[in-house]
Every structure is written in C-alpha cells, then in structure tokens.
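Single-letter residue listing:
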Amino acid sequence: MGERVDKHDRILGVVDRDEAIRKKWMHRVATVVCRDQSGRILVHRRPGSVSRFPGQYNWLVGGAADAGESYVEAAARELTDELGVRAPVRFVFKYLCNGMISPYWLGVHEAVIRQEIDADPTEIAWHAWLTEAEVREAMLRWTFVADSREAFSQYLALAGLR
C-alpha cells in the first residue's frame, strides 16, 4: 500500500499501487542514483519477464514508497531490496513526473556503494558501472525506461552537473 498524493505532494489517502496506476492517481516513487567510489553510475537492465519495462535499461534503482514511509526511507529500502546493499542515501530533489504508466512524485537520491552488489534477479538482469559520459552515450544506443531519461535530464540540470 502506498499514498495517493496531490499536485503539491500532500497525502490524500492510502491506496493500492496497482489501483493508483490503473486510475492514474499521483503517488510517490523513491529512486537512488548509485555511484561507486570513482563516481561512476550503476546502470542496469530489467529482466525480460517483468510486467513493467521488460528488458529496458535504467540508471535509477527504486520503486513506490510504502504508506507512512519517507522518500529517504523508501530509497534506502529499495537499495537493499534490489541490490542487497546498505548505504546512506542523500535526498537530491523531487519533481512531478508525468510517467509512462501514471503520474507520480519522483524523489531522487544518491548513494555511494562501497561493497559488492548482490542484485535481485527478479529486478535486475544485468548491471555495470559507467561514467557519466558512458551513460549519456548508452542513452543514445540502448532502450532506457522513458521516465528514467527524463529523470536523467532533471538530475543533470537540478543537481548542477551540467
């Protein structure tokens, strides 16, 4: 269960995420930009068998925030769930994303990963550490989740990385 929110990210009630998507209700999603100690960004490919964005690439790890969970708490949980690691996450920004499957508030965080990743194979089929330039190049050649492309532009602009 997650929280349905309004255009100002104020909570309207607790809802099932699938229902929120089906009815195009705004909800909250927390993501993490994972960097290694050299500053490279983790890029991964989703398994071909998943229902959302099968076989597509992403540079963010994350998912829906649970009811009562802050963006930071959700980001830390998703990091552990998807990559099998624990690391401090730092909130960078949030914005209203008019997503491919429904609108949602996207909280973007950063974490430096200092340990080996034990990726959940139901979420991640392949992963690699890429420089920012390599990520930009990959976005020209690979099929990335559309929402993650928008988030990358927002990240570069709002995080002052351009």
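In case you missed it, the structure is sitting above this.
Model, not experiment: these values are computed from the prediction.

Asks: Looking at this structure, how should I read the overall build of the protein chain?
Replies: Across its full length, the protein chain carries four helices and nine strands. Expected size for 162 residues packed as a compact globule is a radius of gyration near 15 Å; at 15 Å, the protein chain falls within 12% of this value. Dimensions of the protein chain along its principal axes, counting C-alpha atoms only, are 40 × 30 × 30 Å. In the protein chain, which comprises 162 residues, the share counted as buried stands at 48%. Counting contacts in the protein chain only where the partners sit at least 6 residues apart, residues at least 24 apart contribute 62% of the total. In the form shown here, the protein chain has an accessible surface area of approximately 8100 Å², with 49% of it arising from carbon and sulfur atoms. Separation of charge centres in the protein chain, based on 22 positive and 23 negative side chains, amounts to 5 Å.

Asks: Teacher, can you tell me more about the packing of aromatic side chains here?
Replies: For any pair of aromatic rings, the description consists of the separation of the ring centres together with the inter-plane angle of the planes. If you walk through the whole model with that rule in mind, you get eight aromatic pairs. Counting every residue linked through ring pairs, the aromatic cluster contains Tyr 57, Trp 126, Trp 142 and Phe 144. Its guanidinium or amino end placed over the ring of Trp 105, Lys 94 lies 5.2 Å from that ring's centre, counting from NZ or CZ.

Asks: Sorry if this is basic, but what is going on with helix α3 (residues 132–141) here?
Replies: It helps to recall that an α-helix has 3.6 residues per turn; residues three or four apart then point in one direction. All of the buried residues along α3 are Val 135, Ala 138 and Met 139. Looking straight down α3, one finds its buried side chains confined to an arc of 100°; they lie on one side. Exposed and facing more than 90 degrees away from the buried side of α3 are Ala 133, Leu 140 and Arg 141. Structurally, α3 contributes buried residues whose contacts are with β4 (41–45), β9 (126–130) and α4 (146–158).

Asks: Would you explain the pattern of salt bridges in this entry?
Replies: Scanning the entire structure with this criterion turns up 16 salt bridges. Residue Arg 90 pairs with Glu 110 through a salt bridge whose shortest N-O separation is 2.2 Å. With Arg 90 in strand β7 (residues 90–98) and Glu 110 in strand β8 (residues 103–112), this pair connects stretches of sequence that are 20 residues apart. Taking the relative accessible area as the measure of exposure, Arg 90 reaches 48% and is therefore partly exposed. On the basis of relative accessible area, Glu 110 is assigned to the buried category, the value being 15%. Between Arg 136 and Glu 132 there is a salt bridge, and its shortest N-O distance comes to 3.0 Å. Note that Arg 136 and Glu 132 are positioned in helix α3 at a spacing of four residues, about one turn of the helix. Residue Glu 132 is classed as partly exposed on the basis of its relative accessible area of 23%. Each of Asp 66, Glu 69, Arg 77, Glu 78 and Asp 81 takes part in one network of salt bridges that share partners.

Basis of the calculations
Within each chain, residues carry numbers counting from 1 in the order of the written sequence. Only residues with pLDDT of at least 70 get local features here, since the model is predicted, and only at 80 or more are side-chain atom pairs given and counted; chain-wide, interface and lining totals rely on the full set of residues. Only hydrogens and water are set aside; all other atoms, that is, all heavy atoms of the structure, feed into the side-chain values. Numbering of helices and strands starts at the N terminus; helices are DSSP runs of H or I of at least 4 residues and strands are runs of E of at least 2. Each radius of gyration is computed over the set of C-alpha atoms, and the globule rule expresses the reference value as 2.2 Å times the number of residues to the power 0.38. Any residue under 20% of the maximum accessible area for its type is buried, any over 50% is exposed, and the rest in between are partly exposed; the area is computed with a 1.4 Å probe on protein chains only. Two residues qualify as a contact provided that any one of their heavy atoms is within 4.5 Å of a heavy atom in the partner residue. Here the accessible surface of atoms and residues is derived via Shrake-Rupley with a 1.4 Å probe, and residues count as covered only by protein chains that are part of the display. The charge count includes Lys and Arg as positive and Asp and Glu as negative, but it does not include His or the ends of the chains. Where a charge lies is defined by one atom per residue type: Lys uses NZ, Arg uses CZ, Asp uses CG and Glu uses CD. Planes of paired rings set the category: under 30 degrees apart is stacked, over 60 is edge-to-face and the rest tilted, where pairs are Phe, Tyr or Trp rings (Trp by its six-membered ring) whose centres lie within 6.5 Å. Comment: the charge-over-ring label is applied if NZ (Lys) or CZ (Arg) is within 6 Å of the ring centre and within 35 degrees of the ring normal. Here the arc refers to the set of directions running from the helix axis out to each C-beta atom. The term salt bridge refers to a side-chain nitrogen of Lys or Arg lying within 4 Å of a carboxyl oxygen of Asp or Glu.

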